Amino acid sequence: MHKGVRFNSQKSVDEENPYWVSFSDLMSALLVIFILAAVALIIELTQKTNDVEAGIEELRKAELARKNIIYDVRDELAKRNVIVEIADNDTVIRIPERTLTFSSGKDTIPNAQEVQQAVKDIGFVLHTAIQKNDRFKYLDTVFVEGHTDSDGIHYRGKGNWGLSVDRAISVWNVWQTEIELTPKFGDLENAFGQRLFSVSGYAETRRVNLAETTQTEKSKNRRIDIRFTVKKPSIADLERIVN
């Protein structure tokens, strides 16, 4: 009886389907790529978070520097019996009418010795507070703002707008020319190497007393405000963080 030869028909899966090896390698490679991409994304998000936190911390420092300037000025002037007020969420030093007020339709600082000296004291103390601990590096602009009451004034053909600006300039001129300081107010720079101080006028558009039913209420509106703006991230910085 002839004994037939028996063939093994069972071949390994790898021999029959060699593509399974390639598929397995491919999946492993994809898994590695996925892990690397996830790690890269985590690093990027962490960096962006750090950038955001650093920007927020820098803004906190700037706002603290502004607040310290404003409160130092108020407290030091109080020792000299010169009264100023803090307004607009700790961003403005307001010179009230009991310290300095302008006659209706006038841009000149009153000749009274105590008023003239008060304006000089404000400038001197302000200059010192800004320079202390290099606080100026956190500032963008300090505006010397002039304001008027709502009476329509024919002022040199410029009305209340021109009057309010000229009131601010009158204060600025005292600080710039009548106080011995180094550097001069006009030479002080902000965080970007630009001139720190500016003057502006708002006419009657930002009155303390809107009603103005009495002359006293009107006189409170004829005032000077000193407004501080702080250094903030630029559009380029924000776009860099977002992107």
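Residues numbered from 1 in each chain as written. Predicted model: local features only at pLDDT ≥ 70, side-chain atom pairs only at ≥ 80, totals over all residues. Heavy atoms only, no water.

(A) Layout of the overall build of the chain. A count of helices and strands for the chain gives 6 helices and 5 strands. The N-to-C order of helical and strand elements in the chain reads α-α-β-β-α-β-α-β-α-β-α. A buried classification covers 35% of the 243 residues belonging to the chain. A separation threshold of at least 6 residues defines the contact pool for the chain, and within that pool the share at least 24 residues apart is 71%. For the chain, the accessible surface area stands at approximately 15,000 Å², while carbon and sulfur atoms represent 54% of it. (Helix = DSSP H or I, 4+ residues; strand = E, 2+ residues; numbered from the N terminus. Buried < 20%, exposed > 50% of the residue type's maximum accessible area, 1.4 Å probe, protein only. Contact = heavy atoms within 4.5 Å. Areas by Shrake-Rupley, 256 points an atom, 1.4 Å probe, with all protein chains shown as cover.)

(B) Structural view of a nonpolar patch on the surface. Taken together, the side chains of Leu31, Phe34, Ile35, Val39 and Ile43 define a hydrophobic patch exposed on the protein surface, amounting to about 510 Å² of accessible area. Mapped onto the elements, phenylalanine 34 comes out in helix H2 (residues 19-79). (Patch = residues over 30% accessible without salt bridge, like charges linked within 9 Å, V, L, I, M, F, W, Y side chains within 5 Å. Salt bridge = Lys/Arg side-chain N within 4 Å of Asp/Glu carboxyl O.)

(C) Focus on the pattern of salt bridges. Evaluated as defined, the whole model comprises 19 salt bridges. Glutamate 178 is the partner of lysine 120 in a salt bridge, and the nearest nitrogen-oxygen pair spans 3.7 Å. Here the residue lysine 120 occupies a position in helix H3 (residues 113-131), and glutamate 178 occupies one in the loop between helix H4 (159-177) and strand S4 (197-201), the gap between them amounting to 58 residues. Judged by relative accessible area, which is 26%, lysine 120 ranks as partly exposed.

(D) Geometry of the pairing of strand S3 (residues 139-146). Among the 8 residues of S3, 6 are classified as buried, and the element is accordingly described as predominantly covered. Of the pairings in the sheet, the one linking S3 to strand S5 (residues 224-230) comprises 7 bridges and is antiparallel in character. Among the inter-strand pairings, leucine 139 is bridged to a residue of S5, identified as valine 230. Of the strand pairs in this sheet, S3 and S4 are connected by 5 bridges, and their pairing is parallel. Residue glutamate 145 lies in a different strand from S4, and its bridge partner there is serine 200. Running through H4, the crossover from S3 to the neighbouring parallel element S4 is right-handed. (Pairing = 2+ DSSP bridges. Right-handed = clockwise from strand over helix to strand, strands pointing away.)

(E) Here's a closer look at the sheet that holds S5. Taken in spatial order, the 5 strands make up an open sheet running S1-S2-S5-S3-S4, and their pairing is mixed. Of all strands in the sheet, those bounded by a partner on one side alone are strand S1 (85-87) and S4. Averaged over all pairs of adjacent strands, the angle between strand axes in this sheet comes to 25°, irrespective of strand direction. Note that S1 and strand S2 (residues 92-95) share 3 bridges and pair antiparallel. Within the sheet, the bridge partner assigned to glutamate 85 lies in S2 and is arginine 94. Lying on the sheet, H3 is in contact with S2, S3, S4 and S5; it crosses S5 at an angle near 10°. Here H4 sits on the sheet and contacts S3, S4 and S5; the angle it forms with S4, its principal contact strand, is near 150°. (Axes fitted to C-alpha atoms, helices over the stretch in contact; angles between N-to-C directions.)

Geometric descriptors of this kind do not, in isolation, establish any biological role.
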